[in-house]
Every structure is written in structure tokens, then in C-alpha cells.
Amino acid sequence: MTEWLHTWLPGWGDYLLVAGQVALVLLIGYVLQRIVARAVTGLGERYPLPPQIVLGLRGTLRWLIMGSAILMALERFGVSAAVLWTAISGFVAVAAVAFFAIWSVLSNLFCAVLIFTVGPFRLGDRIEVLDASDKPGIKGRVVAINMLFVTLQELDDNQEGALVQIPNTQFFQKSVRRWRDADGSFDFHLDR
């Protein structure tokens, strides 16, 4: 077949052959991932599987199939799979080191998302973070919730106190007491 391409398109035959092979590999990968996605969806409908498992499985299989197709296409262009594997594994190693280096910041960010979505307390609530059941903890009114800290205004006898910032992770590692006003409303005033 390459001789025919060289005759009709001198100088372009090899390029067109490689382009056709790459297009064929990507098309087969696309069709295969669509078939697998439909099969997984069918299994999810036939058996009582939670939608999260079906979506996760479909996404994982889609990435594996299309990733393999892209690797095969790159090999047609002369890119070595060993070189790609070395580059990817090097990137993953550096990312893992960086991830562990910023673990506390990432865990506070994740806990902030949980605080916003789950809502264990809200602005204006009076809460107490307990160190142990026999010791009093940090007690105050929630005046701010951000991505790293929850800010409490400590309550003393005259209802004015210092601001205390507590890392978000503490609310998932310790017990928290929460109070609301008797009518369910919040008497929330922050004078600045």
C-alpha cells in the first residue's frame, strides 16, 4: 500500500499512512470507550449499583482506554513508551513530594469544603471545641469561616472577647458543642 501512496503522492505517503493509523487507533479507542460506558451503565441499571460507583467506573475505564489509545498513537509518531513512562513517573514522584509538603494546607481546604457543605455549624452559632470530655475547650461565637480557619469570638462576662482562629481540621478531629438561641435565631453582632 505504501508503494501506491508514494506513486500518487510523492513525499506524503509515509505521513498520510501514519496519520491514517493514528486516526484509526483514536477512532477505535473512542468507539471502545463508548461501548464500555454503555455496558457499565447497563450493569448499573440491571443490578442495584449506586450511581457514584457507576460514574466512577465509567470515568476510570474511559481514561484507561483513551490513555492507552493516545499512547499507541504517540508510538506511531516515534515517541517511546519507556520515555513517556519515565517522564510520567518522575512527575508523579515530584507531585507526591509536593503533596506531602502541603498536606496540612490541603487538609484544611478539604475540611473547609466539608464545613460549607455539611454545615456542622454556621455563622453566629456558639460552639465549643472540646479537647477531652473532662476539660473545657475553646468556646465562642463563630464570626468567620474561611478556607483555612474558623474564627471564634471568645465570650466572657461582658460578651466581648479575643478572636481565636482554629484550623478547620480540628472540627473533624475533636468533639464540638453547638448552641443556638432559644427561638432558633442567632443574636449575631460583630462591631468593628
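Along each chain, numbering runs from 1 in the same order as the chain's sequence is written. In keeping with the predicted nature of the model, local features appear solely for residues at pLDDT of at least 70, side-chain atom pairs appear and are counted solely at 80 or more, and the whole-chain, interface and lining totals rest on all residues. Water and hydrogen atoms were dropped before computing side-chain values, which therefore reflect all heavy atoms in the structure.

The name that an unreviewed UniProt entry assigns to the protein is Small-conductance mechanosensitive channel, with the source organism given as Pseudomonas oryzihabitans. Quoted straight from UniProt, the Sequence similarities (unreviewed entry) entry for the protein says "Belongs to the MscS (TC 1.A.23) family." UniProt positions are given in the numbering used here, feature names are shortened, and annotations may be inferred rather than shown by experiment. Check the Subunit (unreviewed entry) section of the UniProt entry for the protein; it says "Homoheptamer."

Participant: Can you walk me through the overall build of the protein in this structure?
Facilitator: Helices and strands together make up the secondary structure of the protein, namely six helices and five strands. A 1.4 Å probe rolled over the protein chains alone gives each residue an accessible area, and that area as a share of the maximum for its type sets the label: buried under 20%, exposed over 50%, partly exposed in between. Burial statistics for the protein: of 192 residues in total, 21% are counted as buried. Sequence-distant contacts, at least 24 apart, represent 51% of the contacts inside the protein between residues at least 6 apart. Total accessible area computed for the protein in this model is approximately 13,700 Å², and 66% of it derives from carbon and sulfur atoms. Counting from the N terminus, the helices are DSSP H or I runs at least four residues long and the strands are E runs at least two residues long. Residue contacts are defined here by distance: any two heavy atoms, one from each residue, within 4.5 Å place the two residues in contact. Areas reported here follow the Shrake-Rupley algorithm with a probe of radius 1.4 Å; residue values treat only the protein chains shown as occluding.

Participant: Just checking my understanding: could you explain the UniProt feature "transmembrane region" (unreviewed entry) in the protein for this structure?
Facilitator: As recorded in UniProt, the feature "transmembrane region" (unreviewed entry) lies at residues 12-32, 63-85 and 91-116. Along residues 63-85 the backbone is 83% helical and 0% strand, and the end-to-end C-alpha distance reaches 16 Å. As a span, residues 91-116 carries 96% helix and 0% strand, and end to end its C-alpha atoms are 32 Å apart.

Participant: Can you walk me through the environment of Leu57 in this structure?
Facilitator: Inspection of the secondary structure puts Leu57 in helix H3 (residues 51-76). Spatially, the C-alpha atom of Leu57 lies 9.5 Å from that of Thr41, the residues being 16 residues apart in sequence.

Participant: Quick question: what am I supposed to make of the packing of aromatic side chains here?
Facilitator: In this analysis, rings of Phe, Tyr and Trp, with Trp reduced to its six-membered ring, are considered paired at centre separations within 6.5 Å, and the interplanar angle assigns stacked below 30 degrees, edge-to-face beyond 60, and tilted for intermediate values. A full pass over the atoms with the stated rule returns three aromatic pairs. Ring-over charges, as used throughout, are those where CZ of Arg or NZ of Lys falls within 6 Å of the ring centre and within 35 degrees of the ring normal. The aromatic ring of Trp179 is capped on one face by Lys139, whose charged end is 4.7 Å from the ring centroid.

Participant: In this structure, what is going on with the sheet that holds strand E5 (residues 175-179)? I would like to understand it.
Facilitator: Backbone-to-backbone hydrogen bonds join strands into a sheet, with any given pair of strands oriented parallel or antiparallel. Note on pairing: DSSP must find at least two bridges between two strands before they are called paired. One open sheet accounts for five strands, arranged E4-E3-E2-E1-E5; its pairing is antiparallel. Taken across any chain shown, the strands that pair with only one partner, and hence form the sheet edges, are strand E4 (163-167) and E5. Taken pair by pair, the neighbouring strands of this sheet meet at an average axis angle of 40 degrees, ignoring direction. Bridge analysis of strand E1 (residues 126-130) against E5 gives five bridges, and the strand direction is antiparallel. If you follow Ile127 over to E5, its bridge partner there is Arg178. Only C-alpha atoms enter the line fits that serve as axes; for helices the fit covers just the stretch in contact. Angles between N-to-C directions range over 0 to 180 degrees.

Participant: How should I be thinking about the nonpolar core in this particular structure?
Facilitator: Considering soluble globular proteins, one finds that nonpolar side chains tend to be buried as a cluster. We define the nonpolar core as a collection of buried residues of types Ala, Val, Leu, Ile, Met, Phe, Trp, Tyr and Cys that are connected through side-chain atoms lying within 4.5 Å of one another. Membership of the largest hydrophobic core is limited to ten residues, which are Ile115, Phe121, Ile127, Val129, Val142, Val150, Leu152, Val164, Ile166 and Phe171. Discounting residues that sit within four places of it in the chain, Val150 has contacts with Ile115, Phe121, Val142, Ala144, Ile145, Val164, Gln165, Ile166, Asn168 and Phe171.

Participant: How do you make sense of the pattern of salt bridges when you look at a structure like this?
Facilitator: By convention in these notes, a salt bridge is any Lys or Arg side-chain nitrogen within 4 Å of a carboxyl oxygen on Asp or Glu. Applying the stated criterion across every chain yields a total of three salt bridges. Note that Arg177 is salt-bridged to Glu128, the shortest N-O span being 3.1 Å. Taken together, the positions of Arg177 in strand E5 and Glu128 in strand E1 put the pair 49 residues apart, joining distant regions of the chain. On the basis of relative accessibility, which here comes to 6%, the residue Glu128 falls in the buried class. In this structure, Lys174 and Asp131 form a salt bridge, with 2.9 Å as the shortest nitrogen-oxygen distance. In this pair, Lys174 sits in the loop between helix H6 (170-173) and E5 while Asp131 sits in the loop between E1 and strand E2 (138-145), placing the two residues 43 residues apart along the sequence.

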